[in-house]
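As a plain string of letters, each chain reads:
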Amino acid sequence: MKQLQNFIDGAFRGSDKTFDKRSPVTNKVVAKVAEASRADVDAAVSAAKRALTGPWGRMTLAQRTELLDALAKEMMRRFDDFVATEAEDTGMPGHISKHVFVPRGAANFQVFADVVKNVPTEFFEMVTPDGKGAINYGVRRPVGVVGIVCPWNAPLLLMTWKVAPALACGNTVVVKPSEETPQTALLLAEVMNAVGIPPGVYNVVNGFGPDSTGEFLTTHPDVDAITFTGETRTGAAIMKAAATGARPVSLEMGGKNAGIIFADCNLDATIEGVLRSCFGNTGQVCLGTERLFVERPLFDKFVATFKAAAEKLKLGTPEDDHATMGPLISQEHRQKVLSYYAKAVEEGATVVTGGGVPDMPAELAEGAWVQPTIWTGLPDTAAVVTEEIFGPCCHISPFDTEEEVIRRANNTRYGLSSSIWTNDLARAHRVAAAIEAGIVWVNAWFLRDLRTAFGGSKQSGIGREGGVHSLEFYTELKNVCIKL
Ligand code: NAD
């Protein structure tokens, strides 16, 4: 049985209390994880604070970014370890961790090393009454100790999405991975030590949210800024914690994203893209699509073709090269998703496919498996059409006009992403402009240059990260004004 520890001040440390990490595939306990106490969190934050003025704080930008480049290379050298660890934590099919999540984890360090090297500074000359003038220039300084609270759905990618810009900007971090996925953050700790990131710069504390590690971290007075990815409800609790001491927050939260399919779309490409957006990573993607709107002339054909495609998905373990869908993260999450499957039927949905639990071989029977599920026939007010389920399911509804679909797609408290499928360029621009979301795709999904802004509008997020936008959160911009 693996014993997973916390990582504080450059060393792995146990704790008096442990909790079980179970496999999503079999529900067997695969590791005992040290739960960080308030004292452990305090030690991690203190180490991070000290590190700000140690060798890390004295490094030049070039030295710091060289270390981040080395980090990315070392992650790729340990590629197989990251893939195996991510697989054990999440149960996701190997192709997702191999082709998307692990490479993106390493790429995050390279991208942000490049961003900080190339960011321009502002400079203004001004006139003064004595005619001699003054100059102003902006200098970016690290914010300090950044608390990073992570979800379980893409653990390495989403954690490095925050750690990389934080370190690139010269901050130090204390990371709280999800209790469901503690492993890749600890593997990254080994990589940090291997490339010589000084002790205290990167710390990992494991545990839960309320009354546990998450709360201890977000309420700690020496944490200077808090960045979070997870549910909207949790984000609101974290915002409240950050209010003590008036600390800045960056929140990436839930979604109930719409896919809008016009009759003139390229049907094959649309089916392929929408299938990924609904069922990729077993529907556990914040950007995933749980509400589909299809223009009426295409509706019946779309539903039939989409059903056939969904029924070809193959459930399997990370080791199964033919698997296209894994289990959900946990039994608890499975109960939540299955409760929505039941609610859809209670509310009068037509179950196009799925709706239950698949037959799995005996050795996987205890895993968190559910069937990919498609519903039609519900009003826009139904629970499964309004609430984020975070499972492999979607509701498909017909629409008649562009104005109608825009209104219905925007009829949600969330505003994370949307995808539009059409070959009419002018319409694509019009609809993209009208959709209330942080990102809108046209004939694509989950595609983004990492230099662009990322975040949600409405209750899907506060702030933008990505490229230079991350610098707004991870640095303080100071103006120096010199009288000539
Ligand atoms: P969650 O909110 O339950 O947990 C996220 C993290 O917060 C975990 O580490 C948890 O332990 C911690 N936490 C919980 N309560 C806390 C508290 N009171 N104080 C401090 N920490 C606390 O989310 P989840 O179930 O892990 O992830 C799924 C959710 O994340 C979905 O809603 C999904 O849409 C969202 N998500 C959003 C994005 C995005 O970029 N917008 C990306 C991925 C996931």
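Each residue is numbered by its place in its chain's sequence as written, counting from 1. A pLDDT threshold of at least 70 governs which residues receive local features in this predicted model, and a stricter bar of 80 or more applies before side-chain atom pairs are shown or counted, although totals over entire chains, interfaces and linings include all residues. Water and hydrogen atoms were dropped before computing side-chain values, which therefore reflect all heavy atoms in the structure.

Draft legend 1. A look at the sheet that holds strand S15 (residues 350-353). Note on pairing: DSSP must find at least two bridges between two strands before they are called paired. By the criteria applied, helices consist of DSSP H or I runs no shorter than four residues and strands consist of E runs no shorter than two, each listed in order from the N terminus. Read from one edge of the open sheet, seven strands run S15-S16-S17-S14-S13-S19-S20, paired in mixed fashion. Single-partner strands in this sheet number two, and they are S15 and strand S20 (439-442). Each strand of the sheet is rotated relative to its neighbour by a mean of 25 degrees, with strand direction disregarded. The sheet contact formed by strand S16 (residues 373-376) and strand S17 (residues 393-399) spans four bridges and is parallel. Bridge pairing in S17 links tryptophan 375 to histidine 395. Against the sheet, helix H12 (residues 331-346) engages S15, S16 and S17, with an angle of about 25 degrees to S16. Of the strands in this sheet, strand S13 (257-261), strand S14 (289-295) and S17 are in contact with helix H14 (residues 402-409), which crosses S17 at around 150 degrees. A fitted line through C-alpha atoms represents every axis, and for helices the fit uses only the stretch in contact; the resulting angles, taken between N-to-C directions, go from 0 to 180 degrees. Should any heavy atoms of two residues lie within 4.5 Å, those residues are considered in contact.

Draft legend 2. How the structure looks around helix H9 (residues 232-243). Given the number of residues in a helix, its expected span is that number minus one, multiplied by 1.5 Å. Compared with the 16 Å implied by 1.5 Å per residue over twelve residues, the 17 Å span of H9 between its first and last C-alpha is a close match. Tucked into the core, H9 has its buried residues touching strand S8 (145-149), helix H8 (213-218), strand S11 (225-229), strand S12 (249-252) and strand S18 (414-415). Positive backbone phi, approximately 90 degrees, marks glycine 245, located one or two places after H9.

Draft legend 3. Layout of the sheet that holds strand S1 (residues 2-4). Taken in spatial order, the three strands line up as S1-S5-S4 in an open sheet, and their pairing is mixed. Lying at the two open borders of the sheet, with one neighbouring strand each, are S1 and strand S4 (18-22). Pairs of neighbouring strands in the sheet enclose a mean axial angle of 30 degrees, with direction left out of account. Bridge analysis of S4 against strand S5 (residues 29-34) gives five bridges, and the strand direction is antiparallel. Looking across to S5, one finds that arginine 22 is bridged to valine 29.

Draft legend 4. Local environment of the pairing of S13. Burial classification: accessible surface area is computed with a 1.4 Å probe over protein chains only, and a residue below 20% of its type maximum counts as buried, one above 50% as exposed, and the rest as partly exposed. Counting buried positions along S13 gives five out of five residues, so the element sits mostly inside the fold. Alternating positions in S13 separate into two faces, Asn257, Gly259 and Ile261 on one and Ala258 and Ile260 on the other, with burial throughout. By the criterion used throughout, a crossover qualifies as right-handed when its path from the first strand across the helix to the second strand runs clockwise, the strands pointing away from the viewer. With helix H10 (residues 267-279) bridging S13 and its parallel neighbour S14, the resulting β-α-β unit is right-handed. Judged from the four bridges that link them, S13 and strand S19 (residues 417-421) form a sheet pairing that is parallel. In the strand pairing of S19, isoleucine 260 is matched with isoleucine 420.

Draft legend 5. Structural view of the site of the ligand. Here a residue is near a molecule or strand as soon as one of its heavy atoms is found within 4 Å of it. In the vicinity of the ligand, 30 residues are found, and the nearest of them are Cys150, Glu179, Thr234, Met253 and Glu388. Take threonine 234: an N or O atom from its side chain is 2.6 Å from an oxygen atom of the ligand. Any pair of nitrogen or oxygen atoms within 3.5 Å is treated as a polar contact; in protein, a donor-acceptor pairing is required on top of that, and neighbouring residues in sequence qualify only through side-chain atoms on both sides. Interatomic distance of 2.7 Å between a backbone N/O atom of methionine 253 and a nitrogen atom of the ligand. For the ligand, the accessible surface in isolation is 850 Å², of which the surrounding protein chains cover 91%. The protein chains shown are the only cover counted for residues, whose accessible areas, like all others here, come from Shrake-Rupley with a 1.4 Å probe.

Draft legend 6. Examining the packing of aromatic side chains more closely. For Phe, Tyr and Trp, where Trp contributes only its six-membered ring, two rings pair if their centres lie within 6.5 Å, and the inter-plane angle classes them as stacked under 30 degrees, edge-to-face over 60, or tilted in between. For the structure on display, the rule yields 13 aromatic pairs. Measuring from ring centre to ring centre gives 6.1 Å for tryptophan 161 and phenylalanine 454, while their planes differ by 85 degrees; the resulting arrangement is edge-to-face. Of the two residues, tryptophan 161 is situated in helix H6 (residues 155-168) and phenylalanine 454 in the loop between S20 and strand S21 (457-458); the sequence distance between them amounts to 293 residues. Tryptophan 161 gets classed as buried once you look at its relative accessible area, which sits at 2%. By relative accessible area, which is 9% here, phenylalanine 454 ends up buried. Aromatic pair phenylalanine 302 and phenylalanine 306: ring centres 5.2 Å apart, planes at 25 degrees, arrangement stacked. Note that phenylalanine 302 and phenylalanine 306 are positioned in helix H11 (residues 296-311) at a spacing of four residues, about one turn of the helix. Comparing phenylalanine 302 with phenylalanine 306 shows no difference in burial state: the two are buried. Through pairs of rings, three or more aromatic residues link up here, namely Phe7, Phe12 and Tyr202. Two limits define a charge over a ring: the Lys NZ or Arg CZ must be within 6 Å of the ring centre, and within 35 degrees of the ring normal. Sitting above the plane of the phenylalanine 262 ring, arginine 427 keeps its charged end 4.1 Å from the centroid.

Draft legend 7. Just the pairing of S8, in detail. Across the five residues of S8, five count as buried, placing the element largely inside the fold. As paired elements, S8 and strand S9 (residues 172-176) share five bridges and run parallel to each other. The partner of isoleucine 148 across the bridge, within S9, is valine 175. Once the chain exits S8 it traverses H6 before rejoining the sheet at S9, and the crossover so formed is right-handed. Relative to S11, S8 runs parallel, the two being bridged by four bridges. Each residue of the ladder has a partner; that of isoleucine 148, found in S11, is threonine 227.

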